[in-house]
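This is what each chain is made of:
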Amino acid sequence: MLSEYDDSYAKYNKVAIKIIGNREYIPEDILKDLVAIEDSTKNNVSKKVLNVCFSYTARDEMTHAIKSIMQKRIDGKIQHRDEIGISTIESNFYFDDNVPPLDILIRTSGHTRLSDFLLWQCSTSCTIEFPETLWPDFGFVSMISVLFKWSYYKTLQLEEENMCGTQFEIQESIAPVLLKELLKPPPTISVSQK
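Being a predicted model, the structure only gives us computed values, none of them experimental.

**Student:** Can you walk me through unusual backbone geometry in this structure?
**Tutor:** Glycine aside, the phi torsion of most residues is negative, and most peptide linkages are trans. For Ser55, which is not glycine, the phi dihedral falls at a positive 60°. Here Ser55 is to be found in the loop between β2 (49-53) and α3 (58-74). Positive phi, close to 55°, is recorded for Ser115, a residue that is not glycine. The residue Ser115 is located in the loop between β3 (104-106) and β4 (127-129) in this model. For Ser115, a relative accessible area of 42% puts it in the partly exposed group.

**Student:** Could you clarify how one ought to interpret the nonpolar core in this entry?
**Tutor:** In summary, soluble globular proteins display a tendency toward joint burial of nonpolar side chains. Listed in full, the nine residues of the largest apolar core are Ile20, Tyr56, Ala58, Tyr94, Phe95, Leu105, Leu118, Cys122 and Cys126. Each of two domains, domain 2 (57-100) and domain 3 (101-158), supplies a minimum of three residues to this core. With near-sequence residues (within four places) excluded, Tyr94 lies in contact with Ile20, Gly21, Asn22, Tyr56, Asp60, Glu61 and His64. Counting residues in each nonpolar core, the second largest holds six residues, with Val15, Ile17, Ile19 and Leu34 among its members.

**Student:** Help me out: how do you make sense of the side chain of Arg107 in this one?
**Tutor:** Take Arg107: it is sitting in the loop between β3 and β4. Despite its burial, Arg107 pairs with no opposite charge; the closest candidate is Glu132, at 11 Å N-O. Side chain to side chain, Arg107 and Ser115 meet in a polar contact 2.8 Å long. Here Arg107 is in contact with Arg113, Ser115, Glu129, Phe130 and Pro131, once residues within four sequence places are set aside.

**Student:** Help me understand the side chain of Asp116, please; the structure alone is not making it clear to me.
**Tutor:** Along the polypeptide, Asp116 turns up in the loop between β3 and β4. There is a polar contact of 3.1 Å between the side chain of Asp116 and the side chain of Arg59. When near neighbours in sequence (up to four residues on either side) are disregarded, Asp116 contacts Tyr56, Thr57, Ala58 and Arg59.

**Student:** Quick question: what am I supposed to make of the pattern of salt bridges here?
**Tutor:** In this structure the tally under the stated criterion is four salt bridges. We note a salt bridge from Arg23 to Glu38, for which the minimum N-O separation is 2.8 Å. Note that Arg23 is positioned in the loop between β1 (16-20) and α2 (28-41) and Glu38 in helix α2, a separation of 15 residues in sequence. Of the charged contacts, one joins Lys149 and Glu129 as a salt bridge, the two residues approaching to 3.3 Å between their closest N and O atoms. Of the two residues, Lys149 sits in helix α5 (residues 140-164) while Glu129 sits in strand β4, which places them 20 residues apart along the sequence. Here Glu129 falls in the buried class, since its relative accessible area comes to 11%.

**Student:** Before we go on, may I ask you to explain the packing of aromatic side chains in this structure?
**Tutor:** The geometry of two aromatic rings is summed up by the distance between their centres and the angle between their planes. On inspection of all chains with the given rule, the structure shows five aromatic pairs. With centroids separated by 6.2 Å and ring planes inclined at 80°, the aromatic side chains of Tyr56 and Phe95 adopt a geometry described as edge-to-face. Here Tyr56 is found in the loop between β2 and α3, whereas its partner Phe95 is found in the loop between α4 (86-91) and β3, with 39 residues between them in sequence. Side by side, Tyr56 and Phe95 carry an identical accessibility label, which is buried. Ring centres 5.3 Å apart and planes at 80° place the aromatic pair Phe93 and Trp120 in the edge-to-face group.

**Student:** What is the right way to read α5 from this model?
**Tutor:** Spacing of three or four residues puts side chains on the same side of an α-helix, whose turn is 3.6 residues. Between its first and last C-alpha, α5 extends 36 Å over 25 residues, near the 36 Å set by a 1.5 Å rise per residue. Restricting attention to buried positions, one finds in α5 the residues Ser142, Ser145, Val146, Gln157 and Glu161. Of the residues one or two after α5, Gly165 is the one with positive phi, at around 80°.

**Student:** Could you clarify how one ought to interpret the layout of surface pockets in this entry?
**Tutor:** One simple way to see leftover space: roll a probe sized like a water molecule over the atoms. Taken as a whole, the largest pocket spans an internal volume of roughly 1,700 Å³. If you go around the largest pocket, you meet 38 residues; those closest to its centre are Val49, Asn51, Leu102, Ile104 and Leu118. Of all the elements in the fold, those that place two or more residues in the lining of the largest pocket are β2, β3 and α5. Examining the composition of the lining of the largest pocket, we find that five residues originate from one element, β2, more than from any other.

Calculation rules
- Residues numbered from 1 in each chain as written.
- Predicted model: local features only at pLDDT ≥ 70, side-chain atom pairs only at ≥ 80, totals over all residues.
- Heavy atoms only, no water.
- Helix = DSSP H or I, 4+ residues; strand = E, 2+ residues; numbered from the N terminus.
- Buried < 20%, exposed > 50% of the residue type's maximum accessible area, 1.4 Å probe, protein only.
- Core = buried A, V, L, I, M, F, W, Y, C linked by side-chain atoms within 4.5 Å.
- Domains from an automatic or database assignment.
- Contact = heavy atoms within 4.5 Å.
- Lys, Arg positive; Asp, Glu negative; His and termini not counted.
- Salt bridge = Lys/Arg side-chain N within 4 Å of Asp/Glu carboxyl O.
- Polar contact = N/O pair within 3.5 Å; in protein donor to acceptor, adjacent residues only side chain to side chain.
- Phe/Tyr/Trp six-rings, centres within 6.5 Å; stacked < 30°, edge-to-face > 60°.
- Expected span 1.5 Å × (residues − 1).
- 1 Å grid on protein atoms, 1.4 Å probe; cavity = no way out; pocket = protein on both sides within 12 Å on 5 of 7 lines; lining within 4 Å.
- Points joined across faces, edges and corners; volume = space filled by probe spheres on them.

Quick look at the structure:
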């Protein structure tokens, strides 16, 4: 469906599908199918990546990275502890170096918590949205409204950076005072709400 045929979504749109998570917890027959999906889309010449977080938690990912780094230190691939930094940790995550940074994370159902999901990746330039819509009802209209809101604020941020001539980190560029001065975002409407 997603990648099986030449006119499937992934092949038609040149999307690389990546399965992210601890593969030790996935049954062998399912893992075989997931690896086949990854292999069939890995040569898609595009920056579009669909990350499917299957058997994934952020704490498990961080534990995996630490264990991998420790093993590399034991094996002599890392000579000194000063070689271990943020980039070393990130390169040992389930997400590989080819995965672009996270732009937006959508947490449906109005819960304002991340539930141990992508904790590291949400730390810098990622926007987190908490729409009230429940996941089964989160369709095209819900997605478009979140993307419009995100693009609106991203455009304002880029314009401010362009006017000031410097690039800011997200935390520094949108001070609480500036948020009060921004125009209201476009209204969001859900077809599932009555």
